[in-house]
Amino acid sequence: MPVIPYGKHSVSDQDVDAVVNVLRNEFLTQGKQVPLFENALCSYTGAAYCTAVNSATSGLHVACLALGVATNDIVWTSANSFAASANCARYCGATVDFVDIEPETGNICPIFLAQKLSMAAKAGLLPKVLIVVHFAGTSCKMKEIRQLCSLHGVRIIEDAAHSLGASFDNHPVGSCQYSDFTVLSFHPVKSITSAEGGAILCNDEQLAKKCRLFSQHGITKHPAEFDQPAEGGWYYQQIDLGYNYRLSDLHAALGISQLARLDTFIECRRRIAQMYFKALGNLPITLPQISSLQTSAWHLFVIQVPSEQRAAIFSFLQSEEIGVNVHYIPIYKHPYYQANGFEGYVLDNTEAYYSRAISLPIFPELDDAAHQRVVETLKKAFA
Ligand SMILES: *Cc1c(COP(=O)(O)O)cnc(C)c1O
């Protein structure tokens with residue numbers, strides 16, 4: 001029997017045609033597709049500005065740069081995430097620290113955040129930026145988080161790599177209703193794919209300009225931004241140190257075509273999640289818990305099993321060709337972070353979550369027979 005992966009892209013003939021058409025056109029990079037994709041992402045999310053980039057990792061780096069994150073700054077994020085959520089701050093030379101999570105969602109817990117902020121304020125060690133991660137496709141409690149951060153002048157970046165297509169209190173993730181930036185990923189396992197790709201959304205024109213600048217070498221062609229008059233029609237200036245983080249038109253064309261299918265994808269994921277809720281209710285496991293304010297993009301379906309059984313259940317599922325995964329090894333547990341100040345560091349809820357987590361297969365093309373096989377195999381694991 002073929003392995004059922006934990007996540008997988010869905011590429012249609014139309015998606016393929018969209019990419020091939022660009023290949024036959026005049027521009028492979030910097031043509032019409034990138035701005036069209038950016039506009040489509042603004043329309044979908046309600047954000048005013050969008051900068052497409054070549055990955056969410058690049059997007060997180062650029063968002064940090066745009067907020068002025070530098071050496072001597074502190075950035076907080078969740079350790080229940082992919083390394084990129086913290087690495088972006090390290091690229092800027094900042095110090096990273098982590099806020100513990102709530103067990104229900106795996107997201108940053110507003111209560112821990114409140115405690116950590118007041119202690120940091122007393123010690124004069126407030127972060128410049130908090131990067132929240134909408135784990136598994138469910139938004140963090142953004143109203144409370146925004147309120148707390150505003151109180152202390154802390155800026156917010158949403159790492160929404162898991163959660164395009166989700167909403168919080170009827171605001172689509174990406175609207176930046178409660179943040180300075182939202183960063184999306186279009187890696188193949190995410191809500192939609194452009195193969196590799198990402199985007200930075202925001203509602204502030206000046207911040208949007210900085211994103212474009214930092215993702216295009218720090219080069220501008222706008223005379224208003226020059227420090228002297230243009231020397232001719234060819235003229236441009238590099239006014240800061242930027243990077244080549246541009247998305248190509250090929251990738252953008254795939255992204256546009258996929259974005260048109262996003263709502264269908266989310267509907268498929270929601271249906272699969274509901275089938276898991278129905279089928280797994282009687283097992284000695286904890287299922288994801290989301291509040292009425294949250295609609296999830298169901299990027300992951302994480303179950304929590306007794307920690308002492310996790311390794312055995314994981315191996316059993318794997319041996320039965322069920323492509324399970326674990327999200328996440330706490331970021332500070334990786335040797336790089338251990339060697340950079342995190343030896344002996346512990347966040348209780350983050351570690352407990354990790355010790356019990358198994359991600360079950362969930363993706364738009366997971367059919368009912370495969371779903372059934374996952375459920376039956378999991379039941380066997382507990383029998
Ligand atoms: C996938 C992911 C990223 C990185 O996305 P890329 O587009 O691959 O750079 C960042 N944060 C989280 C939470 C992710 O899951």
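Residues numbered from 1 in each chain as written. Predicted model: local features only at pLDDT ≥ 70, side-chain atom pairs only at ≥ 80, totals over all residues. Heavy atoms only, no water.

Asker: How would you sum up the state of the cysteines? Please name residues and give values.
Answerer: In the structure shown here, the tally under the stated rule is zero disulfides. Here Cys50 is not cross-linked by a disulfide; its sulfur's nearest cysteine counterpart is in Cys42, at 5.1 Å. Lacking any disulfide linkage, Cys140 is separated from the closest cysteine sulfur, that of Cys109, by 10 Å. (Disulfide = S-S within 2.5 Å.)

Asker: A description of helix 12 (residues 348–356) should follow, citing residues and the corresponding values.
Answerer: Restricting attention to buried positions, one finds in helix 12 the residues Thr350, Glu351 and Tyr353. One face of helix 12 carries all of its buried residues, which in axial projection span an arc of 160 degrees. (Buried < 20%, exposed > 50% of the residue type's maximum accessible area, 1.4 Å probe, protein only. Helix = DSSP H or I, 4+ residues; strand = E, 2+ residues; numbered from the N terminus. Arc of directions from axis to C-beta.)

Asker: Requested: an account of the site of the ligand, with residues and values cited.
Answerer: As a structural note, the neighbourhood of the ligand is formed by 16 residues, with Thr57, Asp159, His162, Ser185 and Lys190 the closest of them. A distance of 2.9 Å is found between an oxygen atom of the ligand and a backbone nitrogen or oxygen belonging to Ala56. Residue Ser185 places a side-chain N or O atom 2.8 Å away from an oxygen atom belonging to the ligand. If the ligand stood free it would expose 380 Å²; the protein chains cover 92% of that surface. The set of elements that each furnish at least two residues to the shell around the ligand consists of helix 3 (56–66) and helix 4 (84–91). Residue composition of the shell around the ligand, by class: six nonpolar, eight polar and two charged. (Near = heavy atom within 4 Å. Polar contact = N/O pair within 3.5 Å; in protein donor to acceptor, adjacent residues only side chain to side chain. Areas by Shrake-Rupley, 256 points an atom, 1.4 Å probe, with all protein chains shown as cover. Nonpolar A, V, L, I, M, F, W, Y, C, P; charged D, E, K, R; others polar.)

Asker: Tell me about the pattern of salt bridges, and name the residues and values.
Answerer: With the rule as written, the count across this model stands at 10 salt bridges. Among the salt bridges present, the one from Arg212 reaches Glu38, with a minimum N-O distance of 3.3 Å. A residue pair is termed long-range when its members are at least 10 positions apart, and Arg212 in helix 7 (residues 205–215) and Glu38 in helix 2 (residues 33–45) qualify at 174 residues. Residue classification places Arg212 among the partly exposed positions, given a relative accessible area of 32%. Linking Asp97 and Lys116 is a salt bridge whose minimum nitrogen-to-oxygen distance equals 2.8 Å. In this pair, Asp97 is assigned in strand 3 (residues 95–98) and Lys116 in helix 5 (residues 110–123), connecting sequence segments 19 residues apart. On the basis of relative accessible area, Lys116 is assigned to the partly exposed category, the value being 21%. (Salt bridge = Lys/Arg side-chain N within 4 Å of Asp/Glu carboxyl O.)

Asker: Hey, could you go over helix 5 for me, with residue numbers and the actual values?
Answerer: With 14 residues, helix 5 should reach 20 Å at 1.5 Å per residue; the first-to-last C-alpha distance of 20 Å fits that figure. Regarding helix 5, the residues found buried are Pro110, Leu113, Leu117 and Ala120. Summarising the axial view, the buried residues of helix 5 lie within an arc of 85 degrees, below the 170-degree limit, and thus occupy one face. Exposed side of helix 5, more than 90 degrees from the buried face: Ile111, Met119, Lys122 and Ala123 are the residues found there. Where the residues of helix 5 are buried, they touch strand 2 (74–77), strand 4 (129–133) and helix 6 (142–151). Gly124, located one to two residues past helix 5, shows a positive phi value of around 70 degrees. (Expected span 1.5 Å × (residues − 1). Contact = heavy atoms within 4.5 Å.)

Asker: Break down the packing of helix 10 (residues 307–319) against helix 13 (residues 368–382) for me, with residues and values.
Answerer: Direction vectors running N to C along helix 10 and helix 13 enclose 135 degrees, while the axes themselves pass 10 Å from each other. Of the possible angle classes, the one that applies to helix 10 and helix 13 is oblique. Once helix 10 is placed against helix 13, the crossing between them reads as right-handed. Two secondary-structure elements touch here, helix 10 through Gln309, Ile313, Phe316 and Leu317 and helix 13 through Thr377, Leu378, Lys380, Ala381 and Phe382. Counted by class, the contact of helix 10 with helix 13 contains six nonpolar, two polar and one charged residues. (Axes fitted to C-alpha atoms, helices over the stretch in contact; angles between N-to-C directions. Parallel < 35°, antiparallel > 145°, perpendicular 65-115°, else oblique. Left-handed = near helix turned anticlockwise from the far one by under 90°.)

Asker: So what's going on with the sheet that holds strand 7 (residues 171–172)? Which residues, and what values?
Answerer: Overall, antiparallel pairing links the three strands, which are arranged 7-6-12 in an open sheet. Strand pairing shows two members of the sheet lacking a second neighbour, strand 7 and strand 12 (294–295), which therefore form its edges. Of the strand pairs in this sheet, strand 6 (residues 167–168) and strand 12 are connected by two bridges, and their pairing is antiparallel. Note that in strand 12 the partner of Phe168 across the bridge is Gln294. (Pairing = 2+ DSSP bridges.)

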